[in-house]
2 protein chains.
Amino acid sequence: MVEAYPMKGGDGPNSYAKNSSYQKGVAGAAQEVVNRAIAEKLDIDNITLSNSNTFSIADLGCSVGPNTFSAVGNIIEAVQLKYQSQVRLLDSQIPEFQVFFNDHTPNDFNMLFQSLPPNRQYYAMGVPGSFYGRLFPKASVHFVHSSYAIHWLSRVPKQVLDKNSPAWNKGRIHYLNSTDAVVRAFEAQYAEDMACFLHARAQEIVCGGLMVLIIPGHIQDTHHSQSFRNMTYQLLGSCLMDLARKGVVSEEKVDSFNIPIYYMSPQELEASVERNGCFSIEGMENLRKISKLGSVTESAQLIASHGRAVMEGLFRQQFGDEILDELFDLYRKKLEENPSIFESMDATLFLAVLKRNAN
Amino acid sequence: MVEAYPMKGGDGPNSYAKNSSYQKGVAGAAQEVVNRAIAEKLDIDNITLSNSNTFSIADLGCSVGPNTFSAVGNIIEAVQLKYQSQVRLLDSQIPEFQVFFNDHTPNDFNMLFQSLPPNRQYYAMGVPGSFYGRLFPKASVHFVHSSYAIHWLSRVPKQVLDKNSPAWNKGRIHYLNSTDAVVRAFEAQYAEDMACFLHARAQEIVCGGLMVLIIPGHIQDTHHSQSFRNMTYQLLGSCLMDLARKGVVSEEKVDSFNIPIYYMSPQELEASVERNGCFSIEGMENLRKISKLGSVTESAQLIASHGRAVMEGLFRQQFGDEILDELFDLYRKKLEENPSIFESMDATLFLAVLKRNAN
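Overview of the structure. (Residues numbered from 1 in each chain as written. Chains lettered and ligands numbered in written order. Predicted model: local features only at pLDDT ≥ 70, side-chain atom pairs only at ≥ 80, totals over all residues. Heavy atoms only, no water.)

1. Let's talk about the packing of helix α8 (residues 296–319) of chain B against helix α9 (residues 324–337) of chain B
Residue and element names in this part refer to chain B.
Item 1. Between α8 and α9, the shortest axis-to-axis distance is 9 Å and the interhelical angle comes to 145 degrees. In this structure, α8 meets α9 at a crossing whose hand is right-handed. On α9, the residues that touch Val296, Thr297, Ala300, Gln301, Ile303, Ala304, Gly307, Arg308, Glu312, Phe315 and Arg316 of α8 are Leu324, Asp325, Leu327, Phe328, Tyr331, Arg332, Leu335 and Glu336.
Item 2. Partitioning the contact of α8 with α9 into residue classes produces 10 nonpolar, 3 polar and 6 charged. (Axes fitted to C-alpha atoms, helices over the stretch in contact; angles between N-to-C directions. Helix = DSSP H or I, 4+ residues; strand = E, 2+ residues; numbered from the N terminus. Left-handed = near helix turned anticlockwise from the far one by under 90°. Contact = heavy atoms within 4.5 Å. Nonpolar A, V, L, I, M, F, W, Y, C, P; charged D, E, K, R; others polar.)

In structure tokens:
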């Protein structure tokens, strides 16, 4: 049973659509790398299009963005450019484009469809479901893009929720600020999930097809404890504990709450790709680190708003609607009271280009 | 500019999902004809599947109901049966199935995706947009199904809304109870729309692919005036005029309101198909006529509820949310007061099987 944590839908002040400007900045940085990968690594002479000369692109974990539209628009431009650069090619051989927008079933597809660019150069389709399972027919996709999505695990590892397990994560909401046993449980869940992800994609992507993954990760062998992400999870966890002490939520509910996110290292991804055996890694780049965001007040507001847009659904599932305003306002205040946090905004983000090998 | 009239979304008491049992009954009757068409007319030896051996089905105007799922489930079973009956075929050659659920962008795709059958044997995709334009890449669909959808025009003919035109439809809401000039305006809109529909499908459907259309129509050369549909439109129009007299809505808004539905005859469809030139008509059947529905009270309730589920969006666009309860309650009462209407429930419904010819 795969769990679903959709981004906040609609276009209200707390929506993901209105609070994903940071992801947008990253997309801009990634764009250049994607363009280069398409120019250098996409072998259009040997890639098999469908009988009907259609080039199919999938954005996995697309949310409701505008980000997904600018990412796929950019990919299409780069692929068109590549086809146009083949002097032997007739105009009629430039493919048509089809884009599959995928996210969990509870994602706000109505909003996604309503905000599709009106003059788009592609056929747009929505595909509901978890990317840890099959989403598309065999060998039917030529380019997969996924940004800020596969750091979400398919679920919280079971042991972490089990009172009788050494990996029980009492009073904390993430592995980053927890014990070794909890870290290992998350690592194992990551390995299992990534195996499923790569297995499904290996069946769906045509030989020679590319997959670009933009992943918030971490540098191997660095210690988490002082990292920006660790500190934000600690702070957010402490907000929940405050609410438990005030009786707003039950302590038991906090104990059984974990954020199913794992920050893999490039080396861990490499190991997963090697175990799968169907892909080669054609490139791996660190995108720029997060830079300072302005004044402390602005930074606190931005981090809290963004955290809410991304994780609100998760918190609602566990604690209900009522606590959301109080929780994220408290979080914002605590961020403001701990300005040193913003000095360590060193979160890593990397981009991997994978190619589906011939069988 | 194509207008959109989505069925009532969600699963509340007024939703299309809860008020489409009549369409479901029709689907049952159609099922047999569809099965026979697939068995006899689908030439699986010569139909071109995608490289990846995928058989693609599109349901155009799918709405949210359970009806679309039972229709596509039935199609898939019949196609599988056909493949299995080819003794030369290996199991590995049985195709995978991909289903495109299409409706206007404002359709409730969130509800559609949430109610997808959990154990479905196909990859499900939602495709937002009007079927009077292109929805799919060239030659990418093998079977198109559309039930109770193409009697909706792309829009109300312009002349009908023009005070200075002889086709101005003052005080009425449909051509069935109007003047010859209005009827001609609707006929012309139908012809234009059907030309667009067939032109788009001719590009999208592979050679040898089938299209099944289930169409509420009318028998050529019969007079509309005493028909069940005519009487219901007259009654619903008179309800609006009553509300105008009471000052609930403005008369001007009633004058500029028309229901963009056209009831074609099988002969008109044939003429459109012939003009397009890419399809042959492989079969045309009258499905059973509507039979009596029970007591007058029950019948009135059913017709009013169904009418509301189908047309609520249209009325809301023009008159706002506020009048809906009063309008459809008044409609129900007037139906009850005119029990003779139910004696003439003679509305025609036909099913056409079209095959995409080789170019």
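There's plenty left to go through after this.
2. Overview of the relation of the copies chain B and chain A
Item 1. Mapping chain B onto chain A is achieved by rotating through 180 degrees and translating by 0.0 Å along the same axis, at an RMSD of 0.1 Å. In symmetry terms, the pair is related by a two-fold rotation axis. Considering only C-alpha atoms, the part of chain B nearest the rotation axis is B:Gly126, at 2.4 Å. (Least-squares fit on C-alpha atoms with pLDDT ≥ 70 in both.)

3. Section: the interface of chain B and chain A
Item 1. Contact residues are listed per partner, giving 31 residues for chain B and 31 residues for chain A.
Item 2. Where chain B touches chain A, the interface holds 2 salt bridges.
Item 3. Put simply, B:Arg134 and A:Glu96 hold a salt bridge, and the shortest N to O gap is 3.3 Å.
Item 4. At the boundary of chain B and chain A, one finds 12 residue pairs in polar contact (both at pLDDT 80 or more).
Item 5. For the side of chain B that touches chain A, the secondary-structure elements that each account for two or more residues are β2 (96–103), α3 (109–114) and β3 (123–128) of chain B.
Item 6. In the side of chain B that touches chain A, the residues fall into 15 nonpolar, 12 polar and 4 charged. (Salt bridge = Lys/Arg side-chain N within 4 Å of Asp/Glu carboxyl O. Polar contact = N/O pair within 3.5 Å; in protein donor to acceptor, adjacent residues only side chain to side chain.)

4. As for the packing of helix α5 (residues 228–245) of chain A against helix α8 (residues 296–319) of chain A
Residues and elements named next belong to chain A.
Item 1. Packing of α5 against α8 brings their axes to within 13 Å, and their N-to-C directions diverge by 50 degrees. Our classification of the angle between α5 and α8 gives oblique. Two packed elements cross with a definite hand, and for α5 against α8 that hand is right-handed. In this structure, α5 contributes Phe228, Leu236 and Leu240 to the contact, and α8 contributes Ile303, Met311, Phe315 and Phe319. (Parallel < 35°, antiparallel > 145°, perpendicular 65-115°, else oblique.)

5. Looking at the nonpolar core
Item 1. Formed by 154 residues in total, the largest nonpolar core has its most connected members in A:Phe197, A:Phe315, B:Phe197, B:Ile259 and B:Phe315.
Item 2. Those residues within four positions of B:Ile259 in sequence are excluded, and the remaining contacts are B:Ile173, B:His174, B:Phe186, B:Tyr233, B:Leu236, B:Met311, B:Leu314 and B:Phe315.
Item 3. By size, the runner-up hydrophobic cluster in this structure holds 78 residues, among which are A:Val72, A:Val212, B:Val206 and B:Val212. (Core = buried A, V, L, I, M, F, W, Y, C linked by side-chain atoms within 4.5 Å. Buried < 20%, exposed > 50% of the residue type's maximum accessible area, 1.4 Å probe, protein only.)

6. Observations concerning unusual backbone geometry
Across residues other than glycine, the phi torsion is negative in most instances, and most of the peptide bonds are trans.
All names here are of chain B.
Item 1. Located in the positive-phi region is Ala139, a residue other than glycine, with phi close to 45 degrees.
Item 2. Along the polypeptide, Ala139 turns up in the loop between β3 and β4 (141–147).
Item 3. Of note, Tyr148 is a non-glycine position whose phi angle comes to about 55 degrees, a positive value.
Item 4. Secondary-structure assignment places Tyr148 in the loop between β4 and α4 (180–204).
Item 5. On the accessibility criterion, Tyr148 (14% relative accessible area) is buried.

7. Points about the pairing of strand β7 (residues 348–356) of chain B
Residue and element names in this part refer to chain B.
Item 1. Most of β7 sits inside the fold, with 9 of its 9 residues counted as buried.
Item 2. Residues Thr348, Phe350, Ala352, Leu354 and Arg356 of β7 are buried on one face, and the alternating residues Leu349, Leu351, Val353 and Lys355, pointing to the opposite face, are buried as well.
Item 3. Taken together, the 8 bridges between strand β5 (residues 205–217) and β7 define a ladder with antiparallel strand orientation. When the sheet's bridge partners are listed, Pro216 is paired in β7 with Leu349. (Pairing = 2+ DSSP bridges.)

8. A closer look at the pattern of salt bridges
All names here are of chain A.
Item 1. For the structure on display, the rule yields 34 salt bridges over all chains.
Item 2. The salt bridge involving Lys170 is made with Asp255; its shortest N-O contact spans 3.0 Å. Of this pair, Lys170 sits in the loop between β4 (141–147) and α4 (180–204) while Asp255 sits in helix α6 (residues 251–255), and the two are 85 residues apart along the sequence.
Item 3. Look at Lys170 and you get partly exposed, because its relative accessible area is 40%.
Item 4. Overall, Asp255 belongs to the buried group, its relative accessible area being 6%.
Item 5. Here Glu312 ties to Arg316 by a salt bridge, and the two come within 2.5 Å at their closest N and O atoms. Taken together, the residues Glu312 and Arg316, both in helix α8 and 4 residues apart, mark about one turn of the helix.
Item 6. Residue classification places Glu312 among the buried positions, given a relative accessible area of 2%.
Item 7. Under the relative-accessibility criterion, Arg316 is labelled partly exposed at 31%.
Item 8. Linked through salt bridges whose partners overlap, the residues forming this network are Arg308, Glu312, Arg316, Asp321 and Asp325.

Function cannot be inferred from these measures alone, as they are strictly geometric.
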